[in-house]
Amino acid sequence: MIKLNNRKKINKLRMRVGRGIGSGKGKTSGRGVKGQKSRSGVAIKSFEGGQMPLYRRLPKRGFNSIVKQNVTILNLEKLQSYIDKKTLKSNELINSELLKKLNLIDKKSMKLKILGTGSIKDKINIEADLASKSAIEKLEKIGGSIQLKK
């Protein structure tokens, strides 16, 4: 065997089992003597000797979709309550970045949807990914605006 360099990890040859007494791993190939584990084709992985295995004892719970996008839903009445509490200012552009910065929505949320439940008194400008027809109507009625991202 040609050695390319002197580093130990690279030049360590793999153990060839079952190649005679002199190899140190001959005859039983390091499997011991007799028993289920000494045979080929044995997969005992999670077998617990007849006891109910852990994966069957625990309840099945839920499903997490890989393609699911976390959409945060905000009603107009909630936005109005934030303005009344002076958490939001009615003259600034309200978008998901601002709401995340003020910890009003979850940081993991990917999209923002505005729904039209409740009433809004202040004229506000919103930038959102999605919006209901009623929310758009209510905002335009009081002179506010909503821009939808594409």
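In case you missed it, the structure is sitting above this.
Reading guide: rules and limits
- Residues numbered from 1 in each chain as written.
- Predicted model: local features only at pLDDT ≥ 70, side-chain atom pairs only at ≥ 80, totals over all residues.
- Heavy atoms only, no water.
- Core = buried A, V, L, I, M, F, W, Y, C linked by side-chain atoms within 4.5 Å.
- Buried < 20%, exposed > 50% of the residue type's maximum accessible area, 1.4 Å probe, protein only.
- Helix = DSSP H or I, 4+ residues; strand = E, 2+ residues; numbered from the N terminus.
- Contact = heavy atoms within 4.5 Å.
- Pairing = 2+ DSSP bridges.
- Polar contact = N/O pair within 3.5 Å; in protein donor to acceptor, adjacent residues only side chain to side chain.
- Arc of directions from axis to C-beta.
- Salt bridge = Lys/Arg side-chain N within 4 Å of Asp/Glu carboxyl O.

As a further point, take the nonpolar core. With 20 residues, the main nonpolar core has Leu79, Leu88, Ile114 and Ile126 as its most contacted residues. Of all the secondary-structure elements, those providing two or more residues to this core are α3 (76–84), α4 (96–101), β3 (111–115), β4 (125–128) and α5 (133–141). Considering each element in turn, this core owes the most residues, four residues, to α3. Apart from the residues within four sequence positions on either side, Ile126 is in contact with Leu79, Leu93, Ile94, Ile114, Leu139, Ser145, Ile146 and Gln147.

Attention now moves to the pairing of strand β1 (residues 71–75). Burial along β1 is one-sided: the residues Thr72 and Leu74 are buried and none of Val71, Ile73 and Asn75 is. Across five bridges, the pairing between β1 and β3 is parallel. Within β3, the position partnered with Val71 by the bridge is Lys111.

This part covers the environment of Val17. Turning to its location among the elements, Val17 is positioned in the loop between α1 (8–11) and α2 (54–57). Spatially, the C-alpha atoms of Val17 and Gly30 are 7.6 Å apart, while their sequence positions differ by 13 residues. When sequence neighbours within four positions are dropped, the list of residues in contact with Val17 reads Lys25 and Ser29.

Locating Ser38 in the fold gives a position in the loop between α1 and α2. Only 2.8 Å separates the side chain of Ser38 from the backbone oxygen of Lys34, close enough to count as a polar contact.

For an α-helix the count is 3.6 residues per turn, leaving residues at separations of three or four pointing the same way. Residues Leu76, Leu79, Gln80, Tyr82 and Ile83 constitute the buried set of α3. Taken end-on, α3 shows its buried residues confined to a sector of 160°, consistent with a single buried face. Where α3 is buried, its residues meet β1, β2 (93–94), β3, β4 and α5. A positive phi of about 65° marks Lys86, the residue just after α3.

A full pass over the atoms with the stated rule returns one salt bridge. With a shortest N-O distance of 2.9 Å, Glu48 and Arg57 are connected by a salt bridge.

For the rest of this paragraph, the subject is unusual backbone geometry. Its identity is not glycine, yet Lys27 carries a phi of approximately 50°, on the positive side. Among the structural elements, Lys27 can be located in the loop between α1 and α2. Accessibility expressed as a relative area gives 80% for Lys27, which makes it exposed. Unlike most non-glycine residues, Lys86 shows phi in positive territory, near 65°. Here Lys86 lies in the loop between α3 and β2.

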